[in-house]
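# Tertiary structure, described
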Amino acid sequence: MAKYKTEPLRLWNKAKELRLKFYENYAKAHEKGGLRWAGGAWTLDAIPRGLGDDVWSITSEPYAASIAFNKKFSLRCLEATERAGYARDLCSYMRNYWGSIILDEYAFPEFSKKWPKPDFIFQDHICCSHSKWYQVVCDLEPGVPMFSVDVGCAPAMKADGETFKYVPMPQHAIDYVVGQCLDGIDFLVKVTGREYNDELLRKAIYNHMRSTALWAKVCELQKTIPAPLEEKTLYSLYVLGVLAKASQWCADFYEELLADVEDRVDRGIAAIAEERARLISDTQPPWGFLKVFRYLEEFGCISIGSLYTFGLVGQWELKEDGTWGAKTFPASVDDLPKDREGMLAEYIKFEINKPEWQHFYHPALKSAMMIKIARDWKLDGVMLHYNRGCEGLTIGIAENRLALQKAGFPVMTFEGNMGDEREFDEARTMARIDAFMETLSLNKIEV
Amino acid sequence: MITAGVDCGSKNVRVVIVKDGEIMAQSMAPAGMDTANAAQEAYDKALAEAGIAAGDIEKVVATGAGKNEPGFKDDDVTEVGADARGAVHLFPDARTVIDVGAEEGRAIKIDAQGKVIDFAINEKCAAGAGAFTESMARALEVKLEELGPLSLESTQAIPMNAQCAVFAESEVVTLVHKKTSKQDMARAIHDAIADRITSMVRRVGIEEKIVLIGGVSYNIGFVKSLEEDLETKVLIPERPEFVGALGAALVAASK
Amino acid sequence: MIEMFKEWYDARHEYAKEWKKKTGGKVLGYFCTYVPEEIVYAAGVLPVRILGSHEPQNVTEPHIFAMFCPFCRDVLAQGLQGRYDYLDGIMIAQSCLHVRQAYTSWDLHIPSEFSYYLPMPHHVQSKRAVPFTRAEFEIFKTRLEEWTAKKITDDDLRRGIETVNRDRQMMKQVYELRKADEVPLTGLEAMQMVVSSQMTDKTEHARVVEDALKELKGRTIGRPTGTRLMLLGSENDDVEFIGMVESLDATIVQDDHCTGTRYFWDEVENGGDPMDAIAARYVKRTPCPTKDWPERKRIGRILSFAKEWDVAGAIIIQQKFCDPHEIDIPAIRKALEDAGLKVLFLELDVTVPVGQFKIRTEAFLEMLAEDDLF
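What you see is a predicted model, and the numbers here were worked out from it, not measured in a lab. (Residues numbered from 1 in each chain as written. Chains lettered and ligands numbered in written order. Predicted model: local features only at pLDDT ≥ 70, side-chain atom pairs only at ≥ 80, totals over all residues. Heavy atoms only, no water.)

Another point: the overall build of chain B. A count of helices and strands for chain B gives eight helices and nine strands. At 19 Å, chain B has a C-alpha radius of gyration in line with the 18 Å of a compact globule built from 255 residues. Dimensions of chain B, computed from C-alpha atoms along their principal axes, come out at roughly 60 × 40 × 30 Å. Counting all 255 residues of chain B, 62% fall into the buried class. Here the analysis covers contacts within chain B between residues at least 6 apart in sequence; of these, 64% occur between residues at least 24 apart. (Helix = DSSP H or I, 4+ residues; strand = E, 2+ residues; numbered from the N terminus. Rg over C-alpha atoms; globule rule 2.2 N^0.38 Å. Buried < 20%, exposed > 50% of the residue type's maximum accessible area, 1.4 Å probe, protein only. Contact = heavy atoms within 4.5 Å.)

Next up, the structure:
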């Protein structure tokens, strides 16, 4: 008899369809007179939405992760980038993405055989590689104009040992980021020749707030024992927010998803039937080897998420009762300022709290958030992916390990690469999991 | 109760037969390309040495990278679990176990009850110490077993890269060109490996008593460098390469 | 006089300890050259750059994941081994992710009465960067005032600017001498001059540079200059490596790295509001690649240096795993090659396989010599 009842997630297929639609829209944008643009997962994507409803983006990290998932194509991309003279230890998303340009092939050949070149680049910068990534894209695709906004100027929190609190964004930092956004809008108008619609921007900012807060609400439900979702499923869901958090469709989907997951919780539906121990992971997984998570399940162990899945998209705040929950956002779009500068300031003040931006300043901030998750989401341990493919998310990870251990949580580390499977040793990783499970006194469940 | 442990390493398979906590026999065979065969060979040898038949063995537990290979095993345990068990059996107050083998190094932290509380395994860049010393012995044109005594005669420490085996190898080439003495080069090699191993041990924390196991423990040059880095003595069992198999046999007795 | 720089470089810790004893002042260790030293001088505090020692170590593994650059681990090792125990404070100005970890781990594990993270902007090509930087420098100034319990006036800031500028101007004059057909100092000596300026009181340093200038006017390096090279990279105080290159009938006559021109070349335009001027200097200085976007402004500087100092080839020395530099290398290589300059690329770790690099450097120099023949 299984310990808990499970059933497939009702919205699974819808999530899959929305994701594919995204890549189709980007590829086919020109057919309907629309525009295509490129930018990273953290770019302020509400801003290009002011150019019209027919403006479609390719979000570079998830696009590169899609490449990585297709091991054959990924290897060709990586090798093409290396042949072009780029070092093998650079960000592996970047190398996959460049490879797709160099080979002139799209990872979704059903929509376009050739790489659909963007009309412009609108990027953000907090990781050293963010703007440099697109600088090289401009070398590879001469003539594509680029603008990038530096958001790495103000930590949103302070940590004191295991606790943390939010601090307001200083005015000069707001001015700096908002100023760049205003310059970015001027740039967009100049390079597209389109008029800019502030009302569309306002709507997009509101959808951004909805998407990111609703996603955090979904993640809050992961506190439930048994957890309604496991991390592998979270990957398929959070990706929509990564792709298009400022879109109406994404915010609407997360609303639907929240209701669905609440229903699972109410009915006691579990992600895995034999949940005995709960972990979180950290950083992007090795996309070609998600079976790591299935393997955990053989021990009755579930990864209920990560600061990465919770905080890459989700927006959080500390509640009065001391819990960490979804960030409060205005009740309606009408509550946002109408003037461009005013609405941008609200947007930036909201977004600057992103959990995944904090560790860029100090690992203590990330450690405090992870310990909070470990306690409130009732974890038995933590599994850290020492990801050779991403400096931005592994910065400080060794200190996170020490802090988690000090707080009493067993930690396992494994080395790999989110986007370059040549750096992942499957057999050794599984052996490490075996040893970690032994230390947690978990045996494989006999089937 | 008689049990057996089989440690299927990348280079050798080792078998230990234990009766009520006492070692009856220990044997080994080169792993070659067929671990299953090698395991059988080592197992047969051990049975012969102990003077018993396979039927006398109540339970066989396998460990090591090839732990699923032996057809005669009943169960398996991870290398981390086996090392810890074997080391604690030999040295009950061990808190840190360092296993340095051909392809992998690991450090294990144990609590007062002998339970594993943390472990670290060398990362990609800091590849196997055993294989590295072998190739370095070849580069210096000395026998592997000469490398250790040679380094004890060194008169100066020469800094060498501690992070990456590939870089370290090319540094050895540089030293050869500089006409550095073999003694000093041998020491530089052991210092470099000891640095890499110590780095790994620091991840779990250095806590006494420290037990060093694995084939590389026979290399007195390495042991000296390691003890200098750790700033303390390490305990080395009589047959350090059999501790994993011993641990597996003990696990078999308690499962 | 010129030997003084090497002495200071070798005895950096003794110098700082001695300075403290002599002046009773505080010493602030910093991790990156984006730290506005003018403000630190205005506070009467001695800024010293924390650099590695190029020795193997085994203490940083628990703190920094091995895929980050050897430099940041080497730097942290100095702290964990207690070699900078005389520091009264530490600080970093936001630059690359690598060295940032040396700072944050230091902050976590080595107690210090003052520890400061200065959010230096990345988008230095934006017109928004100077006002932001100015505001951050003001906050930094206030923190320094609180720490030292002493007000920093505009006059103090102007004096700070004057002190740092003076040293910059002197060093630039030395660099000018390297344009000569037969240079009066080696690349190693020049590098030690610059790095020692990061480790000593600049008033004293500038005086020694001034004296050295007189001495250099009639000096030779005791051998022909040979092939004129330029050294490009990140943090490159690898003495053994530079010495090896210069033992091969070649001399490094110009550079772009942060233990060279990237550190000191640009001056603060003194005159107007001092804080505005300091902010503008750090925003507009030759950038570290992590801040060099969307345009690659560094390349222009490299090319004009190459021309003015008449270099025959460039050696790019790359800290293993340094992504910001690695990303720029194909573009820099192309720009140099388009300008007719050959490039040797070498990847450096904490210690260097000098013998192997020697063979490659010799081959490179041979290739350059053949270019000369035809």
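Now for the overall build of chain A. Counting its secondary structure elements, chain A contains 17 helices and 14 strands. Whereas a compact globule of 447 residues would reach a radius of gyration of roughly 22 Å, chain A reaches 21 Å, a difference of no more than 12%. Referenced to the eigenvectors of the C-alpha coordinate spread, the extents of chain A come out at roughly 65 × 50 × 40 Å. Per-residue burial over chain A gives 66% buried out of 447 residues. A total of about 14,900 Å² of accessible surface is found on chain A, and carbon and sulfur atoms cover 51% of it. Side-chain charges in chain A split into 55 positive and 65 negative, and the spacing between the mean points of these groups amounts to 3 Å. (Areas by Shrake-Rupley, 256 points an atom, 1.4 Å probe, with all protein chains shown as cover. Lys, Arg positive; Asp, Glu negative; His and termini not counted. Charge placed at Lys NZ, Arg CZ, Asp CG, Glu CD.)

Looking now at the domain arrangement of chain B. Interface size, as often reported, equals the accessible area lost upon joining of the parts. Residue and element names in this part refer to chain B. When its domains are assigned, chain B resolves into domain 1 (1–91 + 239–255) and domain 2 (93–236). One C-alpha centre belongs to domain 1, the other to domain 2, and the line joining them spans 26 Å. Taken together, the contact between domain 1 and domain 2 spans 13 residues of the former and 23 residues of the latter. Glu79 is paired through a salt bridge with Arg106; the nearest N and O atoms lie 3.8 Å apart. Taken together, domain 1 and domain 2 are joined by six residue pairs in polar contact (both at pLDDT 80 or more). When residues of the side of domain 1 that touches domain 2 are assigned to their parent elements, the largest contribution, six residues, is made by helix 2 (residues 79–90). (Domains from an automatic or database assignment. Salt bridge = Lys/Arg side-chain N within 4 Å of Asp/Glu carboxyl O. Polar contact = N/O pair within 3.5 Å; in protein donor to acceptor, adjacent residues only side chain to side chain.)

Tallying each qualifying case throughout the model produces 62 aromatic pairs over all chains. The lysine or arginine in question, Arg36(A), covers the ring of Tyr26(A), its NZ or CZ lying 5.6 Å from the ring centre. Its guanidinium or amino end placed over the ring of Trp265(C), Lys172(C) lies 5.3 Å from that ring's centre, counting from NZ or CZ. (Phe/Tyr/Trp six-rings, centres within 6.5 Å; stacked < 30°, edge-to-face > 60°. Lys NZ or Arg CZ within 6 Å of the ring centre and 35° of its normal.)

What follows deals with the sheet that holds strand 8 (residues 116–121) of chain B. Residues and elements named next belong to chain B. A sheet is described by the order of its strands in space; here four strands give the open sequence 8-7-6-9, paired in mixed fashion. The two strands at the open ends of the sheet, each matched to only one other strand, are strand 8 and strand 9 (210–213). Strand after strand, the sheet turns through a mean of 15 degrees between neighbouring axes, direction not considered. With five bridges connecting them, strand 6 (residues 96–100) and strand 7 (residues 105–110) associate as antiparallel partners. Bridging across to strand 7, Ile98 finds its partner in Ala107. Across the sheet, helix 2 touches strand 6, strand 7, strand 8 and strand 9, and the angle it forms with strand 7 is around 60 degrees. (Pairing = 2+ DSSP bridges. Axes fitted to C-alpha atoms, helices over the stretch in contact; angles between N-to-C directions.)

Moving on, we come to the interface of chain A and chain C. Listed per partner, the contact involves 50 residues of chain A and 47 residues of chain C. Together chain A and chain C conceal approximately 3,900 Å² of surface at their shared face, both sides included; 62% is due to carbon and sulfur atoms. Asp183(A) is paired through a salt bridge with Arg128(C); the nearest N and O atoms lie 2.6 Å apart. The interface formed by chain A and chain C holds 22 residue pairs in polar contact (both at pLDDT 80 or more) in total. It is helix 6 (residues 171–192) of chain A that provides the largest number of residues to the side of chain A that touches chain C, a total of seven residues. (Buried area = accessible area lost by both parts, 1.4 Å probe.)

Moving on, we come to the interface of chain B and chain A. Each partner contributes to the interface: chain B provides 18 residues, whereas chain A provides 19 residues. In this assembly, chain B packs against chain A so that about 1,500 Å² is buried in total across both faces, 41% of it on carbon and sulfur atoms. Taken together, the connections running from chain B to chain A amount to three salt bridges. Across the salt bridge formed by Lys67(B) and Asp434(A), the nearest N and O atoms sit 3.4 Å from each other. The interface formed by chain B and chain A includes nine residue pairs in polar contact (both at pLDDT 80 or more). Those elements that place two or more of their residues in the side of chain B that touches chain A are helix 2, strand 8 and helix 6 (182–204) of chain B.

Turning next to the sheet that holds strand 4 (residues 120–125) of chain A. Residue and element names in this part refer to chain A. Taken in spatial order, the four strands line up as 3-2-4-5 in an open sheet, and their pairing is parallel. Strands at the two margins of the open sheet, each flanked by one partner only, are strand 3 (55–59) and strand 5 (146–150). Each adjacent strand pair in this sheet contributes to an overall mean axis angle of 25 degrees, direction not counted. Bridging between strand 4 and strand 5 involves five bridges; their strand directions are parallel. Residue pairing for strand 5: Ile121 is matched across the bridge by Met146.

If you want to describe how two helices pack, look at the angle between their axes and the distance between the axes. All names here are of chain A. Close contact between helix 2 (residues 60–69) and helix 3 (residues 71–83) brings their axes to 5 Å; oriented N to C, the two are set at 115 degrees. The angle between the axes of helix 2 and helix 3 places the two elements in the roughly perpendicular class. Residues Ile67, Ala68 and Phe69 of helix 2 form the contact with helix 3, whose participating residues are Lys71, Phe73, Ser74 and Cys77. Its residues assigned to classes, the contact of helix 2 with helix 3 comprises five nonpolar, one polar and one charged. (Parallel < 35°, antiparallel > 145°, perpendicular 65-115°, else oblique. Nonpolar A, V, L, I, M, F, W, Y, C, P; charged D, E, K, R; others polar.)

Residues and elements named next belong to chain C. Residue alternation in strand 1 (residues 27–30) divides its side chains into two sets, Val27 and Gly29 and Leu28 and Tyr30, and both sets are buried. Relative to strand 2 (residues 46–49), strand 1 is paired through four bridges, and the arrangement is parallel. Considered in strand 2, the bridge of Leu28 is made with Pro47. In this fold, the crossover linking strand 1 to strand 2 by way of helix 3 (residues 37–42) has right-handed handedness. Direction of pairing for strand 1 relative to strand 3 (residues 89–93): parallel, over a ladder of three bridges. Residue pairing in the sheet places Gly29 in a bridge with Ile90 of strand 3. (Right-handed = clockwise from strand over helix to strand, strands pointing away.)

Cis geometry is found at the peptide bond from Ile225(A) to Pro226(A), where omega equals -5 degrees. Mapped onto the secondary structure, Pro226(A) falls in the loop between helix 7 (198–220) and helix 8 (231–244). Cis geometry marks the peptide bond from Glu208(B) to Lys209(B); its omega dihedral reads 0 degrees. Looking at the secondary structure, you find Lys209(B) in the loop between helix 6 and strand 9. Positive phi, close to 45 degrees, is recorded for Asp20(B), a residue that is not glycine. On the secondary structure map, Asp20(B) appears in the loop between strand 2 (12–19) and strand 3 (22–30).

Take the environment of Leu384(A) next. All names here are of chain A. With respect to the helices, strands and loops of the structure, Leu384 is situated in strand 13 (residues 381–387). On the accessibility criterion, Leu384 (0% relative accessible area) is buried. Along the chain, Leu384 and Thr413 lie 29 residues apart, while their C-alpha atoms are 4.7 Å from each other. Not counting the four nearest positions on each side in its chain, Leu384 is found in contact with Asp282, Met370, Ile397, Arg401, Val411, Met412, Thr413 and Phe414.

The next point concerns the state of the cysteines. Evaluated as defined, the whole model comprises zero disulfides over all chains. Unpaired in this structure, Cys153(A) has its nearest cysteine sulfur neighbour in Cys181(A), at a distance of 10 Å. (Disulfide = S-S within 2.5 Å.)

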